[in-house]
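# What the coordinates show
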Amino acid sequence: VKISGGISNLSFGFRGVMKIRESIHSVFLQHAILESGMDVGIVNAHEMLHISELEDDIKVACENLVFNKSEDSTDVMLELTKREKARKEALKNGGGAVEEKKTSWRDLEVIKRLEHALINGISQYIDKDVEEARQKAERPLHIIEGPLMDGMNIIGDLFGAGKMFLPQVIKSARVMKKAVAYLIPYMEKEKIAKLIAEGKDPEDFDENDDSNFAGKVLMATVKGDVHDIGKNIVAVVLGCNNYKVYDIGVMCSCEKILEKAKEYDVDVIGLSGLITPSLDEMVVVAKEMSKAGFKQPLLIGGATTSKMHTAVKISPNFFTVEHPVIHVLDASRSVTVVSSLLSELKEEYVTDIQEEYDEMREDYYAGLEDRYFLTFDQAKEQKLKIDFDATPPAPTPKTIGVTVAEASLEDIVPYIDWNPFFQTWELRGRYPNRGYPKIFNDEAVGGEAKKLFADAQALMKEIIANKSMYLKGVVGLFPANRTDDGEDVMIYASEEDREAGKVLDTFCMLRQQAEKESDDPYLSQSDFIAPAGYKDHLGMFAVSCFGCDKLVEKYESEHDDYNKIMSQALADRFVEAFAEYLHRVIRTDMWGYAKDESLTEEDLLKIKYDGIRPAPGYPSQPDHTEKTTMWNVIKAEELAGIELSDSLSMMPAASVSALVFAHPESSYFAVGQIGKDQVESYAERKKMELPRCERWLSPILNYERD
């Protein structure tokens, strides 16, 4: 037997008041589906409300109405309907005298108010409510162990069940942090008084007592890497599930990580990184943990990490059933992983992962044996051969040399690609509602995406008004030709220097070597630059968004993880938009090879223009050391304040750099894995020792380096 029905019939008498109707539907569906086996329902998916979104008084009234629990259930619902109609009318007329939703729960007793504030992420009244609860509680700690943890447990359950989304969890964490921060002075005072009463020295008071947590996790961004937005999100999510998180920051050396892990006596160690050199640093940490006899599980995460790299490169150096190495895809998986590692089921959980990683490693090496690579000489013979007579290089740029670039945030807002923003917050619509703005129509995440976007717009307006972030960068446009062997690109300070053969610097390139099943050429970025005898040019730029770090410090001091992470996410969007904006300025004005271009911002994001702007360290040139050449040429640190770390991560973290190629046949591609013959040639051309060169290129080597 299958049960189906048209749900709208249930609330037909309340037509015209959508909030009341959808609240009734929500309560009905919750019970009909989960408790009574309803299979199919005809609903208006766009208007649906989740049970957790209902106001408390409306939810109670709906329960009473649907189940006929009280004689006055209809009268109560009619009164709520009148209130909702009055609110809508007031809003329509521009008024605001009607009672607002945010105060409807204020009449609850204080314990329920605290739980409501946590679950709904409302920090407006938290100090007042915590103080009221403290006055009634026997001890301040009872408030944390009682209503606050009860609320956080509900949040953890909802998030784990997919009924609550990451932005909501971060807002709830903000409430929790503010509540705990308010209580800490009282708890410390209580502990000191107890020590004195016991005749002990109050100086012995341990302000870092962490015995009440489910577990202790150390988190660090590895040496040379400054990116921490993903790590921050995972730390908040773990904190929401009663784990004590010791976040020791960015650019953490292996020595610091191991030292702090011992000092805090943590149960789990988590490493994060964005740039490819971080992958090698994670291998170093794993090896050193093994040498030093560490027994904690090691978690790996970050944009450039993968399950395959973890299984092949990191796992063999440390993995045992007692202390596994596990790749964590995103924040939503972190709680499951940590709780499994600290539970009685750890051995079974770890054994399954160990078997999976062993199989992945075997498949990886078997794949290398099956995959064929051309020799470097063969790949060079089959390179892309552009006819520069038929399609000549772009005209000489209007501006040769180095130019400092600036833009206001208002100027770049239209160039923002909002898709990565929602990915940062782990909000993903399903087909056909993938991507911005279609995500707003998604049945599951659309409502939360709208709220998140509204919060982003509000903070963005505040940042623009306060000028708390600003943009700056450097552009370089230089005469250029590829070298005689066709593998690198020489640049010159001026046309006179080109004619005199006076090279300013050389950008070294890498070429594809993995055998192709088609006749496609084996590409290198050098193919897109004309040889000597042609007046070709190469562009480059480095840009940053400044001010985010100070804003992050401000929100950290206010225990506001939500706006802290929002600021970092917006800074990333600002600098990416600045890069898009600046590339357009280069094409249409500074270089001017596309001065008649009239593409929309949407077309720009779809790369419908001539030319490319690949970044050093990314697939078309996966060597980060080429940034040092760029920085020397355009003086990015001296002129714009953009620094490079030891691992060549750009600082500030919200930074973008790129080479600019103008030829219409230039295209994005991935170099992929390369052989030792090319690496030896590359190291020789760069005048770099082979072992050091191999370390920088480690992720793309098709062989195991010594």
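For the structure itself, consult the block above.
The following paragraphs examine the structure supplied in this document. All values reported here derive from a predicted model rather than from experimental measurement.

### Focus on the pattern of salt bridges
Applying the stated criterion across every chain yields a total of 39 salt bridges. When the shortest N-O distance is used, the salt bridge between Asp57 and Arg83 registers 2.9 Å. One end of the pair, Asp57, is in helix H2 (residues 56–66); the other, Arg83, is in helix H3 (residues 73–92), and 26 residues separate them in sequence. Of the charged contacts, one joins Glu556 and Lys564 as a salt bridge, the two residues approaching to 2.9 Å between their closest N and O atoms.

### A word on the packing of helix H4 (residues 110–120) against helix H5 (residues 126–136)
For the pair H4 and H5, the least separation of the axes is 9 Å and the interaxial angle reads 145°. As H4 packs across H5, the resulting crossing turns out to be left-handed. Counting all contacts with H4, which are made through Val110, Arg113 and Leu114, the residues of H5 involved are Ile126, Asp129, Val130, Glu132, Ala133 and Lys136. Residues belonging to the contact of H4 with H5 are distributed by class as follows: five nonpolar, no polar and four charged.

### Digging into a negative patch on the surface
Residues Glu347, Glu348, Asp352 and Glu355 make up a contiguous surface patch of negative charge. Taking the relative accessible area as the measure of exposure, Asp352 reaches 47% and is therefore partly exposed.

### Quick word on helix H9 (residues 254–264)
Residues of H9 that are buried: Cys254, Ile257, Leu258, Lys260 and Ala261. Viewed along the axis of H9, the buried residues span an arc of 165°, placing them on a single side of the element. Along H9, the residues that are exposed and aim more than 90 degrees away from the buried face are Glu255 and Lys262. On the buried face of H9, the contacting elements are strand E3 (215–221), strand E5 (268–272) and helix H10 (277–291). Looking at the residues trailing H9, positive phi occurs at Asp265, about 50°.

### A word on the nonpolar core
Core analysis: the largest hydrophobic core is formed by 140 residues, its most contacted members being Ile257, Ile269, Leu298, Phe422, Trp425, Phe541 and Phe574. With 14 residues, the single largest contributor to this core is helix H20 (residues 561–590). Those residues within four positions of Ile257 in sequence are excluded, and the remaining contacts are Leu218, Ala220, Ile248, Cys252, Ile269, Leu271 and Val285. If you look at the next biggest cluster of nonpolar residues, it comprises 45 residues, including Phe388, Ile491, Ala530 and Val633.

### Points about the sheet that holds strand E6 (residues 298–301)
In spatial order, the strands read E4-E3-E5-E6-E7; together these five strands make up an open sheet with parallel pairing. Of all the strands in the sheet, the pair left with one neighbour each is strand E4 (243–247) and strand E7 (325–327). Within the sheet, the average angular offset between the axes of one strand and its neighbour, ignoring direction, is 25°.

### Digging into empty space enclosed by the protein
Overall, the coordinates contain two cavities of 30 Å³ or more when judged by the stated rule. Its volume calculated, the second largest cavity comes out at about 40 Å³. Lining the second largest cavity are Thr276, Pro277, Asp280, Arg695, Trp696, Ser698 and Pro699. Where the lining of the second largest cavity is concerned, the elements lending two or more residues are H10 and helix H25 (690–696).

### Focus: the pairing of E6
Of the two faces of E6, the one carrying Leu298 and Ile300 and the one carrying Leu299 and Gly301 are both buried. Across four bridges, E5 lies against E6 in parallel orientation. For Ser272, the partnering residue across the bridge sits in E6 and is Gly301. You can see the chain leave E5, run along H10 and come back into E6, and the turn it takes is right-handed. Considered for its hand, the β-α-β crossover made up of E6, helix H11 (residues 307–314) and E7 is right-handed.

### Digging into the side chain of Glu487
Here Glu487 shows up in the loop between strand E9 (470–482) and strand E10 (488–491). When residues no more than four places from it in sequence are discounted, the contact partners of Glu487 are Phe376, Lys380, Met509, Arg511, Ser524, Ser526 and Arg685.

### Let's talk about the packing of aromatic side chains
If you walk through the whole model with that rule in mind, you get 22 aromatic pairs. Judged by centre distance (5.8 Å) and plane angle (35°), the rings of Tyr182 and Tyr186 are tilted. Of the two residues, Tyr182 and Tyr186 are both situated in helix H7 (residues 166–197); the distance of four residues between them amounts to about one turn of the helix. On the basis of relative accessible area, Tyr186 is assigned to the partly exposed category, the value being 29%. Ring centres of Phe528 and Phe661 lie 5.9 Å apart, and the angle between their planes is 85°; this geometry places the pair in the edge-to-face category. Separated by 133 residues along the polypeptide, Phe528 in the loop between strand E11 (505–508) and strand E12 (536–546) and Phe661 in the loop between strand E15 (655–660) and helix H24 (676–686) bring together distant segments of the chain. Taking relative accessible area as the criterion, Phe528 reaches 2% and is therefore assigned buried. What makes Phe661 buried here is its relative accessible area of 0%. Here the aromatic residues Trp418, Phe421, Phe422, Tyr436, Phe440 and Phe453 are joined through ring pairs into a cluster of three or more. Over the aromatic face of Tyr186 sits the side chain of Arg134, whose NZ or CZ is 3.8 Å from the ring centroid. Just above the ring of Phe376 sits the side chain of Lys380; from NZ or CZ to the centre is 4.7 Å.

The rules we used
Residues numbered from 1 in each chain as written. Predicted model: local features only at pLDDT ≥ 70, side-chain atom pairs only at ≥ 80, totals over all residues. Heavy atoms only, no water. Salt bridge = Lys/Arg side-chain N within 4 Å of Asp/Glu carboxyl O. Helix = DSSP H or I, 4+ residues; strand = E, 2+ residues; numbered from the N terminus. Axes fitted to C-alpha atoms, helices over the stretch in contact; angles between N-to-C directions. Left-handed = near helix turned anticlockwise from the far one by under 90°. Contact = heavy atoms within 4.5 Å. Nonpolar A, V, L, I, M, F, W, Y, C, P; charged D, E, K, R; others polar. Patch = residues over 30% accessible without salt bridge, like charges linked within 9 Å, V, L, I, M, F, W, Y side chains within 5 Å. Areas by Shrake-Rupley, 256 points an atom, 1.4 Å probe, with all protein chains shown as cover. Lys, Arg positive; Asp, Glu negative; His and termini not counted. Charge placed at Lys NZ, Arg CZ, Asp CG, Glu CD. Buried < 20%, exposed > 50% of the residue type's maximum accessible area, 1.4 Å probe, protein only. Arc of directions from axis to C-beta. Core = buried A, V, L, I, M, F, W, Y, C linked by side-chain atoms within 4.5 Å. Pairing = 2+ DSSP bridges. 1 Å grid on protein atoms, 1.4 Å probe; cavity = no way out; pocket = protein on both sides within 12 Å on 5 of 7 lines; lining within 4 Å. Points joined across faces, edges and corners; volume = space filled by probe spheres on them. Right-handed = clockwise from strand over helix to strand, strands pointing away. Phe/Tyr/Trp six-rings, centres within 6.5 Å; stacked < 30°, edge-to-face > 60°. Lys NZ or Arg CZ within 6 Å of the ring centre and 35° of its normal.

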